[in-house]
Each structure stands twice: as C-alpha cells, then as structure tokens.
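# A closer look at the structure
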There are 2 protein chains.
Amino acid sequence: MSVVRWDDVDRARGRIEGIAHRTPIETSTTVDSLCGGSVTFKCENFQKTGSFKIRGAANAVSLLTDAERARGVCAASSGNYAQALAFAASRVGVEARIVMPENANPSKIAATKGYGAEIVFCEPGHAGRTGATARIRRETGAVLVHSHDDPAVIAGQGTAVCELIEDVGDLDVILAPLGGGGLLSGTVVAAKHLLPNVRVLGCEPAGADDAARGLRDGKRIVDFVPDTVADGLRTPLGENTFEIIRELVDDIVVVPEAEILPAMRFVWERMKVVIEPSSAVAVAPLLRGQLDVAGLRVGVILSGGNVDLDAMRFPS
Amino acid sequence: MSVVRWDDVDRARGRIEGIAHRTPIETSTTVDSLCGGSVTFKCENFQKTGSFKIRGAANAVSLLTDAERARGVCAASSGNYAQALAFAASRVGVEARIVMPENANPSKIAATKGYGAEIVFCEPGHAGRTGATARIRRETGAVLVHSHDDPAVIAGQGTAVCELIEDVGDLDVILAPLGGGGLLSGTVVAAKHLLPNVRVLGCEPAGADDAARGLRDGKRIVDFVPDTVADGLRTPLGENTFEIIRELVDDIVVVPEAEILPAMRFVWERMKVVIEPSSAVAVAPLLRGQLDVAGLRVGVILSGGNVDLDAMRFPS
C-alpha cells in the first residue's frame, strides 16, 4: 500500500485553496497535428511562485501542529521548492529556513528571501546540504519538510492532475516530468484513482536518468552526477517516491538532452507560454514521434516557468 | 464623424467569430503593486497567428463581394499582418498575395507561406513596397486590404477591447501600443462607446514617435526613419488612423527605448507569458512610474507574441 493514498490528495485540495491557484489548461493545434493525439496542457507555470511546488509545500505546512508551527520549517532547495516553501510558510506566519548552496542562482536567492525566508548557505553538494539542514534542526528545532519525499508534499502535488481531469474529463495518457519524483508520485496516485485505465508516464532527461535505470534494476540510485539542462530534474528519487513510482507508474520515457531546449522553444514560440526546461521534458516526446499517442487523449503537466533569463541574450 | 463607428466594430464581432479566438485576460499582483492600480491584460499574444491582426483581416475579408473574392486580396507586410491576412483569406478560400521585403525574417516568410499565401518579394523600403503592391493589383486585380488604414481592418481591431470590457466591466484607462494606428483607432472607437468616461492612451516607442509629433503639430508625419526595438511599431500613421486618433484618443505616451525590452522581459519572467517588444511598449509605462494610475482600473492590450527567438541565445 502506497504511503500516499487518494484520500491524502483529496484532502490536500481543500487545504491548499487560497494559497495555490487553480491553473488554466491550454491546447495547441500544432502539437495535436504533430503527435496525432489530442493534448491538454496543465499550466503550472502560471502557478503562484512559478511552479507546482507550492501545492505540496502548502499542504505540508497546513498539517503542522501548533508546536511545530512555533518551531518553523526548514528544507534544502536551490530552486522552485525554496520559493514555494518560503511562500507557503509566510502565508500562515510560520518561519522558514532554506538551505541553499553558495553558488545558487542570485535571482532564486532573492525571490526566496522576498517571500520572507531565512537563507542558510551551504557548500554545494549532498554533504554540505544535509550538514546544514541537520544543524538547523538541531539548533532551532525546525521541522524538515522534504522537497519531494515528504508524504504531505507528494499528496499536495497530486492536486494538479485532479484539476486537469476535472477540466478535460477522460484521458488515455498523462505525462509528467520526473526528477525527485514528488510530482509524478502525487500525479499517479490521484490519476489512477480518478481514471483507473489511464497510463501515467514519467518523463526523465537522459542526463539524469536515475529513475529509469533504478527502476529497471529494482534499486534506487542515489549516487550519480546529473548532467542535464533540465535544472529542476537533477535530484535523485526519494525512498517514498521510488516505491510509489515502482508500484504505480506505467513507464519512464527517457528524453534525449538535445530534444529538451528545442521543445521549450517550441512552446514559447507557438503557445506563447514561458516554461522551464524541466517542463519541456514532458513535451518533447510528443513533438518528434518518440511517443506514439495517435488518436489518444493526452494530458501533460507543464510543471513550471522559472527560467533564468539572465542566461539568455535578449534581441537588440 | 469618424470613418469607423461603433456599429462597424459591433458588426465585426459576429463576422470574425470562428476565425479569431476570444483571448483570455490575465492579471499580475506584481504589476498592480508596482503601479498602484488594478491592471487587466488582454492577451492578444494568444490570438490565432500570434497577434490581434487576425481580427481586422478577418473582418475585411468577410466584407468582400463575390467578385472581389474571386480576384483575391493583397497587402504589404513583413510582420504580423502578413500572417493574419494569409490565414484569414485561406479560411474562406480567397487567394492572398503578400508583398514582403527581400530581407524579411525567414520565419515570418515561412509562416505566411504556411498559411497558403503567395509571397511577392520587393526591395526594402516604401518605394519597393508600393511598387510591388501596385503591380499586383494591376496584373491580378487583387483587392488591397491595407494593414492598418482600411476601415474594415480598423473596425475588426476594435473587437479586442469589447471582449476586455465584457470581461472586466468598468475601466478608467486603456493602454494600447501605437504603430500604424489600426489597433489604437479601433480600440478608441469601441471603448469610448462602451465606456464614455474611459481615457484611451496610445503607447509609442521613442524611436518611432511620429504619432506624438504629428498630432502635436496637427500634421501626419510620413517621412521618418524609425529606430526602435519594437519592430511592430515602425509604421507611420495612416490617413484614417491619424484622423481617428486626433479626434478621440486622450493622449500619447512616448516610451523610452531603454524601457521596452526590460518590460518585455518582466512580463516573460513574472507572468510567464511571451509578448513581443511592441506589446511591451504598453506595459513599460506602468512599471517605473511613467504613468500615474494609482487607484485606477487599467486595461492593457498585449498586442502580440511573435518574437524572433533566433535572435535570442537559449541557456545551455
């Protein structure tokens, strides 16, 4: 039995209301004609803080006891989850301490600070991160809310697909990006309850295909050096997400690195919607025939839109 | 009495149905807090062919007589109007011939061809353009549908603000980008009918401020060399748009060139929505205090989202 069940997702829906947006869905005739299916995109790039992560963070924060709220929360994240937890905590008056590597993107540091969190810098890498997190917990008693393996976080992430299914009705296939596995785990738990026959596929970049390899061998891979442009998907699976995905997800699609930025660009150019590379990993398999979805109703979760535009040269 | 009246816009609404989308509106708490107003964006960047231009083109094409339809349509455009007229004509089985300069953007040439139009190349500049258009009309009898001075085109462009006002109700100020003046003219005709007290402002880039200067002197300026990053706003006013704008528009806001790309980037980054530089010209005055809209309800027409991403370096 999965550590996260439908009831957990269902209850999360009420808890995140008023903090997370109900995001719109979009379609694209060009995408449909390229893949032969009928594709609906769930636009979590328009979500508060720019990604789906606010759903899980808000659910987890809402479940804290009064004593835990007084101690505050902490987590390690250099990306979207940092902003999400900071925002969710600030909304209910809970202190947040976020461990970020010293070399984290300055704009993400600023955004996280902007939501009122205290940033604790650490040396880049696993050891620096866990050391700093452990120290914070010891010194402040803060509650660790893990970015993708906390059951309440996973349940919160499952709320996006509930809205998608409410909006479009039946679906044959659902695609979600796969990094730490929080989004995919929550998605599959909810989707398989609502649509027992739906196939749920995780989309993983070739440069961080630890889930595909680990699931093949039946053993979670923790020790690998990711080399992917999808900066939100460099994280290994957690213990819980590994188990949920192993039990419920139908397949993992490994997306060639060379397909990711072209897919991102395609969405920007044709749909006029800013998505980040991690989201493009769930779009790419539809554009050049990697996945056969002819005649099928496909749901794609566009997980976020936080792109570092400093890395781009604007036209002049 | 204006050459385009409310009735013309009102009738255009029914004619463009099924060809142009009803586009969504968006809001941004960050924009509101920066300007102190309550801003609603009308997202014509999500419009069919990527800009509002399809509205005017579709309206004009729908008004052709059978004899005119048989002769086809023509126009000169290197940008959004080329695609719009090509698409609108193809939808009703009318041939379109589009005059484009030899140095036009290859992706825009391809898109226009993709909608089934015949491209006629000319030398860049006014003389080449008008020469080629005259030759087409002489040789084929094609009907010229001018990109921004045809009354039916102007009326069609006015339909966007009708939808905006239906969606948000009352507004105090409406901002629209100003190039050839088709969008602003249609907008002001419709808006002043629906909301007699609304102020309508045209937003013009400093590097192509022919409208601001011409209206000040009471004389249309045709002979100028634009030098603006807003590639959709390099066109001089037409005879009709000059008169409509002179009669009805409350003021012209001249936007410094240095503000345009930062405003575009702001919208991409914060709203996750791809707009082109021309659209950003109507956003920039709200971001750094150029326009005082404290306490006001503001409508902004985001005119299009066709950016040449070839000119941008994607992150790697």
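Given the structure is predicted, the values throughout are model-derived calculations rather than measurements.

## Some thoughts on the overall build of chain A
On a plain count of helices and strands, chain A comes out with 15 helices and 10 strands. The C-alpha radius of gyration computed for chain A amounts to 18 Å, which stays within 12% of the reference 20 Å derived for 316 residues, consistent with globular compactness. Along the longest, intermediate and shortest principal axes, the C-alpha atoms of chain A span 55 × 50 × 40 Å. The burial tally for chain A puts 56% of its 316 residues in the buried class.

## Section: the packing of helix H10 (residues 182-194) of chain B against helix H12 (residues 239-248) of chain B
Residue and element names in this part refer to chain B. For the pair H10 and H12, the least separation of the axes is 9 Å and the interaxial angle reads 40°. Classified by the interaxial angle, the pair formed by H10 and H12 is oblique. Like other packed secondary-structure pairs, H10 and H12 cross with a definite hand, here left-handed. Seen from H10, the contacting residues are Gly182, Leu184, Ser185, Val188, Val189 and Lys192; seen from H12, they are Thr241, Ile244, Ile245 and Leu248.

## So, the domain arrangement of chain A
Residues and elements named next belong to chain A. For chain A, the domain assignment lists domain 1 (6-51 + 152-311) and domain 2 (54-150). With centres defined by C-alpha atoms, the gap from domain 1 to domain 2 works out at 23 Å. Of the residues lining the interface, 32 residues belong to domain 1; the matching set on domain 2 comes to 24 residues. Looking at the side of domain 1 that touches domain 2, the elements that each hand over two or more residues are helix H1 (6-16), helix H8 (151-157), helix H9 (159-168) and helix H12 (239-248).

## Quick look at the sheet that holds strand S5 (residues 118-122) of chain B
Residue and element names in this part refer to chain B. Spatially, 4 strands are ordered S5-S4-S3-S6 in an open sheet, and the strand pairing comes out parallel. Unpaired on one side and paired on the other, S5 and strand S6 (143-144) mark the two borders of the sheet. Two elements, strand S4 (residues 96-101) and S5, share 5 bridges in a ladder whose sense is parallel. Across the sheet, Ile98 pairs through a bridge with Ile119, a residue of S5. In this fold helix H7 (residues 126-140) packs onto strand S3 (73-76), S4, S5 and S6, with an angle of close to 160° to the strand it touches most, S4.

## Overview of the sheet that holds strand S3 (residues 73-76) of chain A
All names here are of chain A. Across the sheet, 4 strands lie side by side as S5-S4-S3-S6; this open sheet has parallel pairing. Both edges of this open sheet fall to strand S5 (118-122) and strand S6 (143-144), since each of them pairs with a single strand only. By the bridge criterion, 2 bridges tie S3 to S6 in an arrangement that is parallel. Residue pairing in the sheet places Val73 in a bridge with Val143 of S6.

## Some words on the pairing of S4(B)
Residues and elements named next belong to chain B. Burial analysis of S4 places 5 of its 6 residues in the buried class, which makes it a mostly covered element. Across 4 bridges, S3 lies against S4 in parallel orientation. Opposite Cys74, over in S4, you have Arg97 as the bridge partner. Taken together, S3, helix H5 (residues 80-91) and S4 constitute a β-α-β crossover, and its handedness is right-handed. A crossover connection joins S4 to the parallel S5 through helix H6 (residues 106-114); in handedness this β-α-β unit is right-handed.

## Concerning the nonpolar core
Residues A:Ala57, A:Val73, A:Leu85, B:Ala57, B:Val73 and B:Leu85 are the most contacted members of the largest nonpolar core, which totals 209 residues. Sequence-distant contacts of A:Leu85, that is, excluding residues within four places in its chain, are made with A:Ala57, A:Val73, A:Ala75, A:Ala96, A:Ile98 and A:Val145.

## Considerations on the environment of B:Val255
Relative to the elements of secondary structure, B:Val255 occurs in strand S9 (residues 251-255). It is 6.5 Å that separates the C-alpha atoms of B:Val255 and B:Val281, two residues lying 26 residues apart in sequence.

## Focus on the pairing of strand S7 (residues 173-177) of chain A
Residue and element names in this part refer to chain A. Among the 5 residues in S7, 5 count as buried, and that is most of the element. By the alternation rule, side chains of S7 split into Val173, Leu175 and Pro177 and Ile174 and Ala176, which are all buried. Bridge analysis of S7 against strand S8 (residues 199-205) gives 5 bridges, and the strand direction is parallel. Bridged to Val173 within S8 is Arg199. Crossover S7 to S8 through helix H10 (residues 182-194) is right-handed. Relative to strand S10 (residues 297-302), S7 runs parallel, the two sharing 3 bridges. Looking at S10, one finds that Leu175 is bridged to Val300.

## Quick word on H10(B)
Residue and element names in this part refer to chain B. Compared with an ideal rise of 1.5 Å per residue, which puts 13 residues at 18 Å, H10 spans 18 Å between its outermost C-alpha atoms and is within 8% of the ideal. A large share of H10 lies buried, amounting to 11 of its 13 residues. Among the residues making up H10, those that are buried are Gly182, Leu183, Leu184, Ser185, Gly186, Thr187, Val188, Val189, Ala190, Ala191 and Lys192.

## Focus on H12(B)
Turning to H12(B), its buried residues are B:Asn240, B:Thr241, B:Phe242, B:Ile244 and B:Ile245. On its buried face, H12(B) sits against helix H8 (151-157), H10, strand S8 (199-205) and helix H11 (210-217) of chain B.

## Things to note about the packing of helix H3 (residues 53-62) of chain A against helix H5 (residues 80-91) of chain A
The relative placement of two packed helices comes down to the angle between their axes together with the axis-to-axis distance. Residue and element names in this part refer to chain A. Here H3 crosses H5 at 40°, and the two axes come no closer than 8 Å. Relative to H5, the element H3 is oriented oblique. Crossing of H3 over H5 shows right-handed handedness. On H5, the residues touching Lys53, Ile54, Ala57, Ala58 and Val61 of H3 are Asn80, Tyr81, Ala84, Leu85, Phe87, Ala88 and Ala89. Per-class residue counts for the contact of H3 with H5 are 10 nonpolar, 1 polar and 1 charged.

## Some thoughts on the environment of B:Ala142
Residues and elements named next belong to chain B. Structurally, Ala142 can be placed in the loop between H7 and S6. On the basis of neighbour counts, which here come to 21 C-beta atoms within 10 Å, the residue Ala142 falls in the buried class. Along the sequence, Ala142 and Pro285 sit 143 residues apart, while their C-alpha atoms lie 41 Å from each other. If we ignore the near neighbours within four places in the chain, the residues touching Ala142 are Arg71, Gly72, Val73, Cys74, Arg97, Ile136 and Arg137.

## A short note on the confidence of the model for chain A
Chain-level statistics for chain A give a pLDDT mean of 95 and a share of 98% at 70 or above. Across the whole predicted complex the pTM is 0.92, and at the interface the ipTM reaches 0.90.

## Brief notes about the environment of A:Ala75
Residues and elements named next belong to chain A. Position of Ala75 relative to the elements: it lies in strand S3. For Ala75, a count of 28 C-beta atoms within 10 Å gives the class buried. Separated by 30 residues in sequence, Ala75 and Asn45 place their C-alpha atoms 22 Å apart. Setting aside residues up to four positions removed in sequence, Ala75 forms contacts with Tyr81, Leu85, Ile98, Leu144, Val145, His146 and Ser147.

About the cut-offs
- For every chain, the first residue of its written sequence is number 1, and the numbers climb from 1 along that sequence.
- The naming scheme follows written order: chains are lettered A onward, ligands numbered 1 onward.
- Owing to the predicted nature of the model, reporting of local features is limited to residues with pLDDT of at least 70; listing and counting of side-chain atom pairs is limited to 80 or more, with chain, interface and lining totals taken over all residues.
- Secondary structure elements are taken from DSSP: a helix is a run of H or I of four residues or more, a strand is a run of E of two residues or more, and numbering for both begins at the N terminus.
- For the radius of gyration, the atoms used are the C-alpha atoms, and the globule rule reads 2.2 Å times the number of residues raised to 0.38.
- The burial label depends on the number of other C-beta atoms within 10 Å of a residue's C-beta. Counts of 20 or more mean buried, 12 or fewer mean exposed, and intermediate counts mean partly exposed, with C-beta atoms placed from the backbone.
- To get an axis, fit a line to the C-alpha atoms, keeping to the stretch in contact for a helix; angles then go from 0 to 180 degrees between the N-to-C directions.
- In what follows, roughly perpendicular refers to angles from 65 to 115 degrees, roughly parallel to angles under 35, roughly antiparallel to angles over 145, and oblique to any angle outside these ranges.
- Handedness of a crossing follows from how the near helix is turned relative to the far one, being left-handed for an anticlockwise turn of less than a right angle and right-handed for a clockwise one.
- A pair of residues counts as a contact when their C-beta atoms, built from backbone coordinates, are separated by no more than 7 Å.
- Where each domain begins and ends is defined by an automated method or by a domain database.
- The pairing criterion is simple: DSSP has to find at least two bridges between the two strands.
- When the strands point away from the viewer and the connection leading from the first strand across the helix to the second strand turns clockwise, the crossover is called right-handed.
- Think of a nonpolar core as buried Ala, Val, Leu, Ile, Met, Phe, Trp, Tyr and Cys residues chained together by C-beta atoms that fall within 7 Å.
- Multiplying 1.5 Å by the helix residue count minus one yields the expected span of that helix.
- When residues are grouped by polarity, Ala, Val, Leu, Ile, Met, Phe, Trp, Tyr, Cys and Pro land in nonpolar, Asp, Glu, Lys and Arg in charged, and all others, Gly among them, in polar.
- Residue-level confidence of the predictor is summarised by pLDDT, bounded by 0 at the bottom and 100 at the top.

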